[in-house]
Amino acid sequence: MLLPTVLLLGYFVYGLIAWSFNTSLTDRHTARKGPASYVGFANYGHLFGEDRFLNSLKNLGVLTVAFIVGTLIFGLIWALLLEKGVPGESIFRSIYLFPMAISMIASGVVWGWLLNPSQGEDARGLNRLFEILHLHFLENPWWTAGSRWTTMASIALPAVWQLSGYIMALFLAGFRGIPPELREAARVDGASEFKLYRHVLFPQLSPIALSALIILGHMSLKLFDLIYAITGPNQFRTEVPAVYMWNTLLRSDMAKSAAIAIVLLAVVAVLVIPYIAYTVRQENEE
Amino acid sequence: MSADTAAAATGQAAAAIRRKPQKRGVIADGSTRRSRTVRYALLLLFLLFVLIPVYVVLITSFKTSADTTAASQWNLPKTWTLDPWRKAWDVLQPYMVRSLSLAIPAAIISSLIGSMNGFVLARWRFPGANIVFAFILFGMFIPYQAIMLPLRTTFTNLDVTRGVPTLILAHCIYGIPICTLIFRNYYATIVPNEIIESARVDGAGLVQTYLRIILPISISGFVVTLIWQFTSVWNDFLFALFLTQQNNGPVTLGLAALAGGQKVDYAASMAGALITSFPTLIVYILLGRWFIGGLMAGALKG
Amino acid sequence: MRGGLSKTLALVGAAGLLAVSACGNSDNNSGGSGSSANKDVTVFTWWADGGEKAGLDGLVSTFATDCKDYKFVNSAVAGGAGSNAKQVLANDLQAGKPPSTFQAHAGAELKDYINAGQVDDISQLYKDFGLDKAFPQNLIDNLTVDGKIYSIPANVHRANMVWANPTVLKKANIDGTKAPASVDAWIADLTKLKAAGVAAPLAISKGFAQEMLVEAVLLAELGPDKFKGLWDGKTDWAGGDVTAALNKYKTLLTFTNSDREAIDWPDALGYVNTGKAGYTLMGDWVAAQQVSDKIADTAYTYWPSPGTEGDFQFLSDSFTLPTNGADPDGAKCWLKTVGSAEGQKAFNTKKGSIPARSDANPADYPKYQQSAMADWKSKTIVPSCAHGAACTLGQNNDILSAMSQFSGSPDVAKLQAAFGTAMKTS
């Protein structure tokens, strides 16, 4: 019964990855069909000797950290605020969560407009809002100037906006899954509210936090649409490997594109494979 | 609890969130009215943060192009107009039709395959089941860039018609892992073993068991995967960019074109962003209860 | 039980396959109809709005009368002088799904497609349509590779043009009708404007607009011969004169708007028209944009960018016949329209460009194009890298990446090295 699935995924996931990997070892630097010769890992060597690729990797690293930290913080705060049940909870929950339903392209179109770098009199977007509210110190050039951190944090901002609600939902489910007896017992022992969270509730949530980390991490590593929509495809400051691969395709350099894609896959695999192994092993124990 | 236990939540997750804390009195306990006010103030502040883009998008979509200047960006429209909506709709309408005719079948087919797989994985402990499971699970995490170029070639070689059919095929295949995962956890946690055992005793085979007994009780699992798949297929841009063209691609491609021109009509772009988001938002509003469950279950997919 | 199980497994396996093939089967009956079935001619361009769209519409109406058997299907991809479109096109060509015909810049950019075996030799069509005498020789030379011609040019544009707002310039007592004599003189004027309260007197936009500005500076500082040499390898990118020119570009950038990475050229032009900026440098398609935006021709002036008075930096849009294209006969009819006198007139009067054919009558054209047609005949012709005449797609992508890096953190040495490296690769 599983055979069709195994065959399909065998080809379309593993077979095609092997195909990409194979291409990445050749000198197929053109769209022309025909034989290509193997050059070993030369394409990878070139990539890692290239400023542009290293820049895209660094951008990716910073983006991932900014995105994960931002999303976890907002998600956790919202979950904490809602966890004990407040009137109107379902309204808050729904509104916090709804950006999740929107495509990255749509949100990129909107945020690209909000993150306009003009300031002062000419300010547009969020800067204009800060101008109106007299919060001049908040105005900034977003992704167009400044350090790698401010640049990639600006790109992470819309992603945080989209996914914090999701993380909130995860944590909320986690809180609600904790048996009420645990809280009661802690209270009876005279634990303070802070200690209750610190020593009783948070440890219960750590598996969820781990899942959230993996989910967010692999989403961030694959991020493409949002950057494409906000900054356009060829912008050095915000280029990540997924975007660089699209740029490389412009010159029909199949081998280099494949090599970039395989590096990206390797980065994701480093994150995900231990996690899958851990998951499967845990299940076996149960 | 781990990856798939987070996903295992499935329908239950929604219920879990909805389950109010057992004791209403918890709030009063140790927390004063002041802390409750602070809590509310914070909640409202964050609500504002989330809704700011919505405000500016909404008002802009009703503005004349002369009114979308920097100075008046946050003001209400001087004159309200539906023109941006008309313009955006004219551009996006054919894309919307294609997206619908793509997302619905893709969601149904991948859900069906997922439910069969999930049932087998959950109930049939054959040797190596874990390896097969891991094998399927990994397919969910791969960056699609790693398979995109050979996939494009494969589809060209198979002579699959470019456009909706290509994307249905792609989303069916790459949707299998997540649907399988959701259903596997659903069957593992929700369907009591006794039901299947009793069916076996009656001499019903795996297929019979599946058709007669499992399918009817899988409704809530299906709602979850259908919503999840519909949303992710609808929102997909990467496959669309690589595998389709402007005249046969889905709405994400249409929006990127509408908003990506040299002379950007901001009002129409914002209306377009809203139009593009409507179907998933409607699904979300109508079936929000399930959506949360779906999100939980789909926890692992990006 | 065991036998039953394996039998059921087989059954279910078959069901699974059915479900999967149901997935695939829908291909054949639903979705976009193949363009070969009817007589659609899919034309791929990046002319999606403004004067460009108007020009395309003009061409389409001529096509409708000339080629009654065929239906024009617009496959335009918007954005950034074709940068988005070229990527989408590369993807389609790699996928083996070419449109019936596509737009490509004449020159080095065409070589990308030729080398990849993606376009057909159409020298024969030149004879059939009588085009070998219709186009000026220097343009045909740019289209010819190893004695074969691969595309039909629709127009010629001039890249090195500055558009100015005389009212703004008056604030610093600058005469808007005359170009500054050199880049240095321009910088002096910009300084005066800034002192007169114009915060960002030079409006510029993202990507290729910055590339055009740096090219204009290089052209002015190095002169046409050394400038041409930059692209064909005869001039050393590491030279001190290049460094000096790039430093001037760096200075120019300090007079520009801070949102340059977030806007495209029509917005930059808008800054000039609304009086926020004094100048913008952009190709002469601006002329058509101004007409379509109903800007009075007294409200702006234009001249070749400072120091390039004697040079006509050209680019030309042309159409190709893709290898294994969907409907070659329809495509050929489109190419015939593109090359015809009526087609070129219908197209160029609206697009703001001048016809590629030498037999056009200037009287048919608006004021700006008349002067451009005279210049095309009298000035020194140099190619544009940003618009594919001098650089391949890949070189351009590398240069654009370096330009965006420079815009965020100007480092002349880095930019100069990046140019050198980009032009060494293909």
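Since we're looking at a predicted model, the values are computed, not measured. (Residues numbered from 1 in each chain as written. Chains lettered and ligands numbered in written order. Predicted model: local features only at pLDDT ≥ 70, side-chain atom pairs only at ≥ 80, totals over all residues. Heavy atoms only, no water.)

**Q** Could you clarify how one ought to interpret the side chain of Thr-144 of chain A in this entry?
**A** Residues and elements named next belong to chain A. Looking at the element boundaries, Thr-144 is found in the loop between helix H6 (125–132) and helix H7 (148–177). On the basis of relative accessibility, which here comes to 5%, the residue Thr-144 falls in the buried class. Of the polar contacts made by the side chain of Thr-144, one reaches the backbone oxygen of Pro-141; its length is 2.8 Å. (Helix = DSSP H or I, 4+ residues; strand = E, 2+ residues; numbered from the N terminus. Buried < 20%, exposed > 50% of the residue type's maximum accessible area, 1.4 Å probe, protein only. Polar contact = N/O pair within 3.5 Å; in protein donor to acceptor, adjacent residues only side chain to side chain.)

**Q** Where do I start with a nonpolar patch on the surface in this structure?
**A** Residues and elements named next belong to chain A. On the surface, a cluster of nonpolar side chains totalling about 440 Å² of accessible area is made up of Val-65, Val-69, Ile-73, Ile-77 and Trp-149. By residue number, the principal contributor to the nonpolar patch is helix H3 (residues 51–83), which donates four residues. Residue position: Val-65 is located in helix H3. In this structure Val-65 comes out as partly exposed when scored by relative accessible area, which is 43%. (Patch = residues over 30% accessible without salt bridge, like charges linked within 9 Å, V, L, I, M, F, W, Y side chains within 5 Å. Areas by Shrake-Rupley, 256 points an atom, 1.4 Å probe, with all protein chains shown as cover. Salt bridge = Lys/Arg side-chain N within 4 Å of Asp/Glu carboxyl O.)

**Q** What is the right way to look at the environment of Pro-304 of chain C in this model?
**A** All names here are of chain C. With respect to the secondary-structure elements, Pro-304 resides in strand S11 (residues 301–304). Residue class for Pro-304 comes out buried when judged on its relative accessible area of 11%. Linking Pro-304 and Gly-283, residues 21 residues apart in sequence, is a C-alpha distance of 9.9 Å. When sequence neighbours within four positions are dropped, the list of residues in contact with Pro-304 reads Arg-158, Asn-160, Met-161, Ala-179 and Glu-309. (Contact = heavy atoms within 4.5 Å.)

**Q** Mind showing me how you'd approach the packing of H3 of chain A against helix H9 (residues 193–222) of chain A here?
**A** Between two packed helices, both the angle of their axes relative to each other and the distance between the axes serve to describe the pair. All names here are of chain A. Taken N-terminus to C-terminus, the directions of H3 and H9 make an angle of 140 degrees; their axes are 10 Å apart at the nearest point. As summarised for this structure, H3 and H9 are arranged oblique, according to the angle between their axes. Once H3 is placed against H9, the crossing between them reads as right-handed. Between H3, through Leu-60, Leu-63, Thr-64, Phe-67, Ile-68, Thr-71, Leu-72, Leu-80 and Glu-83, and H9, the contact on the second element is made entirely by Tyr-197, Phe-202, Ala-212, Leu-213, Leu-216, Gly-217, Ser-220 and Leu-221. Of the residues contributing to the contact of H3 with H9, the split by class is twelve nonpolar, four polar and one charged. (Axes fitted to C-alpha atoms, helices over the stretch in contact; angles between N-to-C directions. Parallel < 35°, antiparallel > 145°, perpendicular 65-115°, else oblique. Left-handed = near helix turned anticlockwise from the far one by under 90°. Nonpolar A, V, L, I, M, F, W, Y, C, P; charged D, E, K, R; others polar.)

**Q** Any chance you could explain the interface of chain A and chain B here in plain terms?
**A** Between chain A and chain B, the residue contacts involve 97 residues of the former and 101 residues of the latter. Carbon and sulfur atoms supply 75% of the area that chain A and chain B bury against each other, a total of about 9400 Å² over both sides. Considering only the side of chain A, the residues that lose the most area to chain B are Met-1, Leu-2 and Trp-113 of chain A, jointly responsible for 9% of the buried surface there. There are zero salt bridges connecting chain A and chain B. Among the elements that line the side of chain A that touches chain B, the one with the most residues is helix H12 (residues 254–285) of chain A, at 17 residues. Classifying every residue of the side of chain A that touches chain B by side-chain character gives 70 nonpolar, 14 polar and 13 charged. (Buried area = accessible area lost by both parts, 1.4 Å probe.)

**Q** Just checking my understanding: could you explain the packing of H9 of chain A against H12 of chain A for this structure?
**A** All names here are of chain A. The N-to-C vectors of H9 and H12 enclose an angle of 160 degrees; their axes lie 10 Å apart at closest approach. Judged by the angle between their axes, H9 and H12 are roughly antiparallel. Judged by the sense of rotation from one axis to the other, the crossing of H9 with H12 is left-handed. Between H9 and H12, the contacting residues are Leu-210, Ser-211, Ile-214, Gly-217, His-218 and Leu-221 on the first element and Leu-264, Val-267, Val-268, Leu-271, Val-272, Tyr-275 and Tyr-278 on the second. Partitioned by chemical class, the residues of the contact of H9 with H12 number ten nonpolar, three polar and no charged.

**Q** Hey, could you run me through the state of the cysteines in this one?
**A** Simply put, disulfide is the name for a covalent bond between the sulfur atoms of two cysteines. One pass over the full model with this rule turns up two disulfides over all chains. The disulfide partner of Cys-67 of chain C is Cys-333 of chain C, and the S-S distance across this bridge is 2.0 Å. Because the sign of the S-S torsion sets the handedness, a value of about -95 degrees for the bond joining Cys-67 of chain C and Cys-333 of chain C places this disulfide among the left-handed ones. Of this pair, Cys-67 of chain C sits in the loop between helix H2 (50–66) and strand S2 (71–76) while Cys-333 of chain C is found in helix H13 (residues 328–339), placing the two residues 266 residues apart along the sequence. Sulfur-sulfur distance for the disulfide between Cys-385 of chain C and Cys-391 of chain C comes to 2.0 Å. One disulfide, between Cys-385 of chain C and Cys-391 of chain C, carries an S-S torsion of -115 degrees and so falls in the left-handed class. On the basis of relative accessibility, which here comes to 0%, the residue Cys-391 of chain C falls in the buried class. For Cys-179 of chain B, which is in no disulfide, the shortest distance to another cysteine sulfur is to Cys-172 of chain B and amounts to 9.2 Å. (Disulfide = S-S within 2.5 Å.)

**Q** What exactly am I supposed to notice about the sheet that holds strand S13 (residues 317–320) of chain C here?
**A** Note on sheets: strands pair through backbone hydrogen bonds, and any given pair is parallel or antiparallel. Residues and elements named next belong to chain C. Pairing is mixed in the open sheet, where five strands are placed in the order S2-S1-S3-S13-S6. Here the strands that pair on one side only, and so sit at the sheet edges, are S2 and strand S6 (151–153). Each adjacent strand pair in this sheet contributes to an overall mean axis angle of 30 degrees, direction not counted. Here strand S1 (residues 40–45) pairs with S2 via six bridges, running parallel. Each residue of the ladder has a partner; that of Phe-44, found in S2, is Ser-75. (Pairing = 2+ DSSP bridges.)

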